[in-house]
Amino acid sequence: MAILEVNNICKSFGSTEVLKGINFSLERGQVLAIIGSSGSGKTTLLRCLNFLETPDAGQIAVNGEILFDAAHTHAQSDAEIRQKRLHFGMVFQSFNLFPQYTALENVMLASILLAKQRPDYKKNKRAIHEEIQNNAMQLLEQMSLTGRMNHYPHQLSGGQQQRVAIARALALHPDILCFDEPTSALDPELTGEVLKVIRELADKHTTMVIVTHEMTFARDVADHVVFMDGGVVVEQGPPEQVFGNTQNERTQAFLSRYSQNS
Amino acid sequence: MSTSASVIFSQLLHCFQINCTIFFVTLLLALPLGLVVSFGSMSRFAPLAWLVKTFVWIIRGTPLMLQIIVIFYGPGLLWDGDLMPRITAVCVAFVINYACYFSEIFRGGIQSIPRGQYEAGQVLGMTKPQIFFRVTLLQVVKRVIPPLGNEFMTLIKDTSLANVIATKEIIMMSKEFTTKGLIWPLFSTALFFLAFVGILTLAFGWFERKMDYFRV
């Protein structure tokens, strides 16, 4: 069974239709790359998955459980949405680390706040903190940030900040990790170190949805590629098909623009 | 004239306590009230936002001196009752006036926090109060320190406006010496304000350095 199923998602801002009925599904442990030109609706789609935008129509299901159904949105309380959000992790284009916390504190904060809701929190406070801290340190080590744990975001390079952000998202053990153009704010030099980390996550079979402009990377890492244009999925399939053997004119035009530029 | 300089200074210092009282009472009440007013002006409920913005416009659009007079004499003219104590009227006017200025500083500070900070908190499953207190508040504080420093300095000097309803603050006191032919006490009041603002400058400098460990 698919871990993520997206069904007929539609979203308009005012009179602008941004998403016009998006469908796709994703298997556990697979990587989905979403490509397309700016303004094609990729980011909006990702924001819908994370409940940062509310779709006007459609359903989103994770592990067969319907998390969102546009027909029944009014029934959702804030607490329910918060709970459902935790199925997804989100890495933003602009990192969005909390500037007043160190790298380690950034990774730990949400886990600590969640742990406070546990009935046994007061009794086992120290043990819980230790466990959260160990988990956070392990994640930062995995991101090759061992010596940077106590640095504040402004003391880190963009690539390091983005790797902290990835660790922060992983700390809550999401089912699906979403990336919104994770390297678009980075120098070409720093792009590599972030892509390397994402590649390692893919090797460990982390389920991911990646919106990206890095075509070579998408081709290498993704199991499934979705090409979007004008708010619709124009083409989807394995990377060999979309990149190597596309019959679709719009996909061809998009990809040839890219190969000219790079 | 036999009054010695030290006696005059101690009298001036005594009256400067009135200025300090107005200063601290205003801060104590206008800072939280300003935060409430800023939330009102940012309300998504349009009539409330409109009402609050109009109120802020009236308060910021009229002289504080006039507001003190209206609050002191207004109720008596309307209802024929006793006048409230002068210092109370002064404090009420200052609190309302400064709350409006503070509210605009807070609004600017809150709205300058990038949307991404709220969103990062949201996707990490935080509640709205958690996002406000754990994520944005300190960043807002850091941003509003410099403009608040300005307001604090203006405030201590504005306290001398209290003499418009004959509150015996330091300028009023020093003018009494002028009528007796002594002009220097009036000029010497500058020293009190300079010292006060000097301390404020040091305090704000210290606080800004304290907040220097992160950037927003």
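What this report covers is the structure whose coordinates are included nearby. Counting restarts for each chain, with residues numbered from 1 along the sequence as it is written. Each chain takes a letter, starting from A, and each ligand takes a number, starting from 1, following the order in which they are written. Since the coordinates come from a predicted model, pLDDT governs what is reported: local features require at least 70, and pairs of side-chain atoms require 80 or more to be given and counted, while whole-chain, interface and lining totals use all residues. Side-chain metrics in this entry use all non-hydrogen atoms of the structure; hydrogen atoms and water are not considered.

Let's talk about the overall build of chain B
A run of H or I in DSSP counts as a helix once it spans at least four residues, and a run of E counts as a strand once it spans at least two, with each numbered from the N terminus. Of regular secondary structure, chain B possesses eight helices and zero strands. Listing the helices and strands of chain B from first to last along the sequence gives α-α-α-α-α-α-α-α. Its C-alpha atoms give chain B principal-axis dimensions of roughly 75 × 50 × 20 Å. Residues are treated as being in contact if the distance between any of their heavy atoms lies within 4.5 Å. Long-range pairs, those at least 24 residues apart, make up 77% of the contacts in chain B with a sequence separation of at least 6. For every accessible area listed, the method is Shrake-Rupley and the probe measures 1.4 Å; residues are considered covered only by the protein chains on display. In the form shown here, chain B has an accessible surface area of approximately 11,500 Å², with 70% of it arising from carbon and sulfur atoms.

Some points on unusual backbone geometry
Residue and element names in this part refer to chain A. Phi at F51 takes a positive value of approximately 60°, unusual for a residue other than glycine. By the secondary structure assignment, F51 is in the loop between α1 (42-49) and β4 (57-62). Residue burial is assigned from relative accessible area. The probe radius is 1.4 Å, only protein chains are included, and a residue is buried under 20% of its type maximum, exposed over 50%, and partly exposed in between. Residue classification places F51 among the buried positions, given a relative accessible area of 12%. Positioned with a positive phi, N63 is a non-glycine residue whose angle comes to about 55°. Looking at the element boundaries, N63 is found in the loop between β4 and β5 (65-69).

Focus: the pairing of strand β2 (residues 16-26) of chain A
All names here are of chain A. The pairing criterion is simple: DSSP has to find at least two bridges between the two strands. When strand β1 (residues 4-13) meets β2, the two strands line up antiparallel, connected through eight bridges. The residue bridging E5 from the neighbouring strand is S25, located in β2. Linking β1 back to β2 in an antiparallel pair, the connection comprises two residues, with G14 at a positive phi of about 60°.

A few points about a positive patch on the surface
A patch consists of residues whose relative accessible area exceeds 30% and which take part in no salt bridge; residues with like charges are grouped when within 9 Å of each other, and nonpolar side chains (Val, Leu, Ile, Met, Phe, Trp, Tyr) when within 5 Å. In what follows, salt bridge is the name for a side-chain nitrogen of Lys or Arg lying within 4 Å of a carboxyl oxygen of Asp or Glu. A residue counts as positive if it is Lys or Arg and as negative if it is Asp or Glu; His and the chain ends are not included. Charged groups are reduced to one reference atom each: NZ for lysine, CZ for arginine, CG for aspartic acid, CD for glutamic acid. A grouping of K116(A), K122(A), K125(A) and R134(B) is seen on the molecular surface, where their side chains present a positively charged patch. Its location among the elements puts R134(B) in helix α6 (residues 128-158). Of the residues examined, R134(B) reaches a relative accessible area of 30% and is grouped as partly exposed.

Notes on a nonpolar patch on the surface
Residues and elements named next belong to chain B. A surface patch of nonpolar side chains, about 620 Å² in accessible area, is lined by F9, I183, W184, F187, L191 and L194. In terms of residues, the nonpolar patch owes the most to one element, helix α8 (residues 184-210), which gives four residues. Along the chain, I183 falls in the loop between α7 (170-179) and α8. Residue classification places I183 among the partly exposed residues on the basis of a relative accessible area of 45%.

A closer look at the environment of L46(A)
All names here are of chain A. Considering the arrangement of structural elements, one finds L46 in helix α1. Since its relative accessible area comes to 0%, L46 is described here as buried. Expressed as a C-alpha distance, the spacing of L46 and L104, which sit 58 residues apart in the sequence, is 26 Å. Apart from the residues within four sequence positions on either side, L46 is in contact with M90, C178, F179, D180, V209 and V211.

Section: the interface of chain B and chain A
Accessible area lost on assembly of the parts is the figure often given for the size of an interface. Listed as interface residues are 21 residues of chain B and, on the opposing side, 24 residues of chain A. Across the interface of chain B and chain A, roughly 2,200 Å² is buried in total on both sides, 61% from carbon and sulfur atoms. We note a salt bridge from E119(B) to R47(A), for which the minimum N-O separation is 2.7 Å. The definition of a polar contact used here is a pair of N or O atoms within 3.5 Å, where within protein one atom must be able to donate a hydrogen and the other to accept one, and adjacent residues in sequence count solely through side-chain atom pairs. Counting across the interface, chain B meets chain A through seven residue pairs in polar contact (both at pLDDT 80 or more). Listing elements by their share of the side of chain B that touches chain A, those giving two or more residues are α5 (115-123) and α6 of chain B. A total of seven residues in the side of chain B that touches chain A trace back to one element, the largest contributor, which is α5(B). Of the residues that constitute the side of chain B that touches chain A, the class distribution is nine nonpolar, eight polar and four charged. In short, buried area is how much 1.4 Å probe accessible area vanishes from two parts on joining, totalled over both. Each residue is assigned to one of three groups, with Ala, Val, Leu, Ile, Met, Phe, Trp, Tyr, Cys and Pro labelled nonpolar, Asp, Glu, Lys and Arg labelled charged, and all others, Gly among them, labelled polar.

Any functional reading would require information beyond the geometric quantities listed.
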